[in-house]
Amino acid sequence: MLSTAVGVISAVVGVYASYWLDVATGASIVLAASAQFVIAYGLASVRRLRSRRTPAS
């Protein structure tokens, strides 16, 4: 379900950006998917750092 949602969001955002910026649709979709990956990777890194800082009880 999550991967389907990510794909649909990437497609919709990419097509919308392609229309308004007058650029290639495929490239816009790939950039939207890449942006989602970077955001997810960054959030995972922050979460990983926070778990290391928390002292064991």
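Quick caveat, the model's predicted, so the values are computed rather than measured.

Asker: Honestly, the packing of aromatic side chains in this entry has me stumped. Any pointers?
Answerer: For any pair of aromatic rings, geometry is given as the distance between the ring centres together with the angle between the planes. By the definition in use, this model includes three aromatic pairs. A ring pair is formed by tyrosine 19 and tryptophan 20, whose centres lie 5.3 Å apart and whose planes are at 85°; its orientation type is edge-to-face. Like tryptophan 20, tyrosine 19 is exposed. Pairwise contacts between aromatic rings join Tyr16, Tyr19 and Trp20 into one cluster.

Asker: So what exactly am I meant to see when it comes to the packing of helix H1 (residues 2–21) against helix H2 (residues 25–53) here?
Answerer: What describes two packed helices is the angle between their axes and the distance between those same axes. At a minimum axis separation of 7 Å, H1 and H2 run at an interaxial angle of 130°. If you check the angle between H1 and H2, you find them oblique. Here H1 and H2 pass one another in a crossing that is right-handed. For the pair H1 and H2, contact is made by Val6, Ile9, Ser10, Ala11, Val13, Gly14, Val15, Ala17 and Ser18 and by Thr25, Ser28, Ile29, Ala32, Ala33 and Gln36, respectively. Broken down by class, the residue content of the contact of H1 with H2 amounts to nine nonpolar, six polar and no charged.

Asker: What should I look at first to understand unusual backbone geometry in this one?
Answerer: Glycine aside, the phi torsion of most residues is negative, and most peptide linkages are trans. For aspartate 22, which is not glycine, the phi torsion reads 55° and is therefore positive. Among the structural elements, aspartate 22 can be located in the loop between H1 and H2. Judged by its relative accessible area of 70%, aspartate 22 is exposed.

Asker: Can you walk me through a nonpolar patch on the surface in this structure?
Answerer: A grouping of Tyr16, Tyr19, Trp20, Leu21 and Val23 is seen on the molecular surface, where their side chains present a nonpolar patch of about 670 Å² in accessible area. The topology assignment puts tyrosine 16 in helix H1. Residue tyrosine 16 is classed as exposed on the basis of its relative accessible area of 56%.

Conventions we followed
Residues numbered from 1 in each chain as written. Predicted model: local features only at pLDDT ≥ 70, side-chain atom pairs only at ≥ 80, totals over all residues. Heavy atoms only, no water. Phe/Tyr/Trp six-rings, centres within 6.5 Å; stacked < 30°, edge-to-face > 60°. Buried < 20%, exposed > 50% of the residue type's maximum accessible area, 1.4 Å probe, protein only. Axes fitted to C-alpha atoms, helices over the stretch in contact; angles between N-to-C directions. Helix = DSSP H or I, 4+ residues; strand = E, 2+ residues; numbered from the N terminus. Parallel < 35°, antiparallel > 145°, perpendicular 65-115°, else oblique. Left-handed = near helix turned anticlockwise from the far one by under 90°. Contact = heavy atoms within 4.5 Å. Nonpolar A, V, L, I, M, F, W, Y, C, P; charged D, E, K, R; others polar. Patch = residues over 30% accessible without salt bridge, like charges linked within 9 Å, V, L, I, M, F, W, Y side chains within 5 Å. Areas by Shrake-Rupley, 256 points an atom, 1.4 Å probe, with all protein chains shown as cover. Salt bridge = Lys/Arg side-chain N within 4 Å of Asp/Glu carboxyl O.

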